[in-house]
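# Examining the three-dimensional arrangement
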Amino acid sequence: MAGSPTLATERPRLRLGVNIDHVATVRNARGGRHPDPVQAAEIAVMAGADGITAHLREDRRHIRDDDINRLKALIDRPLNLEMAATREMADIAVRVRPHAACIVPERREERTTEGGLDAAGQHTTLSPLIEELRAAGIRVSLFIAAERAQIEAAAALRVPVIEIHTGAWCEAVADGHGDRAAAEFDRIRSAAKLARGLGLEVHAGHGLDYVTAGQLAGLPEVVELNIGHFLIGEAVMEGLATAVRRMRAAMDRGRSSAFPPASEGGEEGRLPPQADPAT
Ligand code: PXP
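Conventions adopted
- Residues numbered from 1 in each chain as written.
- Predicted model: local features only at pLDDT ≥ 70, side-chain atom pairs only at ≥ 80, totals over all residues.
- Heavy atoms only, no water.
- Buried < 20%, exposed > 50% of the residue type's maximum accessible area, 1.4 Å probe, protein only.
- Helix = DSSP H or I, 4+ residues; strand = E, 2+ residues; numbered from the N terminus.
- Pairing = 2+ DSSP bridges.
- Near = heavy atom within 4 Å.
- Polar contact = N/O pair within 3.5 Å; in protein donor to acceptor, adjacent residues only side chain to side chain.
- Areas by Shrake-Rupley, 256 points an atom, 1.4 Å probe, with all protein chains shown as cover.
- Nonpolar A, V, L, I, M, F, W, Y, C, P; charged D, E, K, R; others polar.
- pLDDT = per-residue confidence, 0-100.
- Contact = heavy atoms within 4.5 Å.
- Expected span 1.5 Å × (residues − 1).
- Bend = angle between axes of the 7 residues up to and from the residue.
- Arc of directions from axis to C-beta.
- Axes fitted to C-alpha atoms, helices over the stretch in contact; angles between N-to-C directions.
- Phe/Tyr/Trp six-rings, centres within 6.5 Å; stacked < 30°, edge-to-face > 60°.

## A look at the pairing of strand E3 (residues 79-83)
E3 sits mainly inside the fold: 5 of its 5 residues count as buried. Going residue by residue along E3, you find Leu79, Leu81 and Met83 tucked away on one face and Asn80 and Glu82 tucked away on the opposite face as well. Here 4 bridges tie strand E2 (residues 51-55) to E3, and the two strands are oriented parallel to one another. Residue Ile52 lies in a different strand from E3, and its bridge partner there is Leu79.

Written out as structure tokens, the structure reads:
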């Protein structure tokens, strides 16, 4: 378009996809319904998330099928389904039709998605699966390392989007390894440029926190960050004081309604005195 800004001068909006997997991790620890990842998604959207990301793992260790169905039905922002390249997951994606599907490598023994997808080595198996998702109207992205071979393989697979795995960089930053962090960031910067040059939309994610997300925001090619673990951890830290205050109030209310002050004809005076553990 005539007069449109070049990538060097424009400032494209950087979207935030909030990954709510770990709300489900906490819920599943007790097997009940609380905390609900769908309610967390609603809160995230209210607070400014542009989309919701959820990884339906083969072992269902956090997000479950019903969560995905409810996210699709109840959340009015794009749903990004992270999934392994398996027959089962492709069938689910085609049935649910999320806005996007990010294909990730998955190993049962890993704690989280530890590396990027080998798009270069798995062209033959990925190609028909990607076609199937595309035919269902799903925007497919590949979660890959910041490596030339993987980016070129993603372009050859004709996906519209890649998500660059930022885990190694974030780890180097967190461990205070300045040289390694600088080298990893350079790799991400070059990868983002290369991918954009090949016509791919560039997303990034894994291990991001306030500092690393802020630094990535300086790369104009990157238009979406997907962030989970750190945000849920921060939510615990920021929300714990509120929850404790509400619990304190609920307990105090319960006590005073069961035992109104003696002046109101209550039975408070009949409670035997007890030692105060705080004194
Ligand atoms: N993007 C992808 C493709 C992922 O697999 C994950 C982890 O589930 C994330 C982003 C979010 O990573 P984190 O939870 O470390 O922020």
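## Some details on unusual backbone geometry
Going from His34 to Pro35, the amide bond is cis rather than trans, its omega being -5°. Tracing the sequence through the fold places Pro35 in the loop between helix H1 (21-30) and helix H2 (37-46). The backbone phi angle of Arg97 is positive, close to 55°, even though this residue is not glycine. By secondary structure assignment, the location of Arg97 is in the loop between helix H4 (87-96) and strand E4 (100-103).

## Overview of the site of the ligand
In the vicinity of the ligand, 14 residues are found, and the nearest of them are Glu82, Glu163, Gly207, Gly228 and His229. One of the side-chain nitrogen or oxygen atoms of Glu82 is found 3.2 Å away from an oxygen atom of the ligand. With respect to the ligand, the backbone of His229 contributes an N or O atom lying 2.8 Å from an oxygen atom. Protein contact buries 95% of the 400 Å² of open area that the ligand shows by itself. Tallied by class, the residues present in the shell around the ligand amount to 4 nonpolar, 7 polar and 3 charged.

## Examining the confidence of the model for the chain
When pLDDT is averaged across the chain, the result is 92; 90% of the residues are at 70 or more. Confidence drops under pLDDT 50 across residues 1-5; counting only partners more than four residues distant or on other chains, this segment forms 1 contact.

## Thoughts on helix H10 (residues 229-258)
Note on helix geometry: an α-helix contains 3.6 residues per turn, so any two residues three or four positions apart are oriented the same way. Between the first and last C-alpha of H10 there are 41 Å, a value that for 30 residues agrees with the 44 Å anticipated at 1.5 Å per step. If you look at H10, its biggest bend is around 45°, right at Gly239.

## What to know about helix H8 (residues 178-197)
Its 20 residues place the ends of H8 28 Å apart at the C-alpha level, agreeing with the 28 Å of an ideal helix rising 1.5 Å per residue. Buried within H8 are the following residues: Ala181, Glu184, Phe185, Ile188, Ala191, Ala192 and Ala195. Taken end-on, H8 shows its buried residues confined to a sector of 125°, consistent with a single buried face. Turned more than 90 degrees off the buried face of H8, the exposed positions are Asp179 and Gly197.

## Thoughts on the sheet that holds strand E7 (residues 201-205)
Pairing within the closed barrel is parallel, and its 8 strands lie in the order E1-E2-E3-E4-E5-E6-E7-E8. Strand-to-strand, the axes of this sheet are offset by a mean angle of 25°, without reference to chain direction. Pairing of E3 with E4, which is carried by 4 bridges, proceeds in the parallel orientation. Across the sheet, residue Met83 finds its bridge partner in E4, namely Ile103.

## Focus on the packing of aromatic side chains
What the rule picks out here adds up to 2 aromatic pairs. Each ring, one from Tyr210 and one from Phe230, has its centre 4.7 Å from the other, and the planes form 90°; the classification is edge-to-face. Of the two residues, Tyr210 sits in helix H9 (residues 210-216) while Phe230 sits in helix H10, which places them 20 residues apart along the sequence. The class of Phe230 is partly exposed, set by a relative accessible area of 26%.

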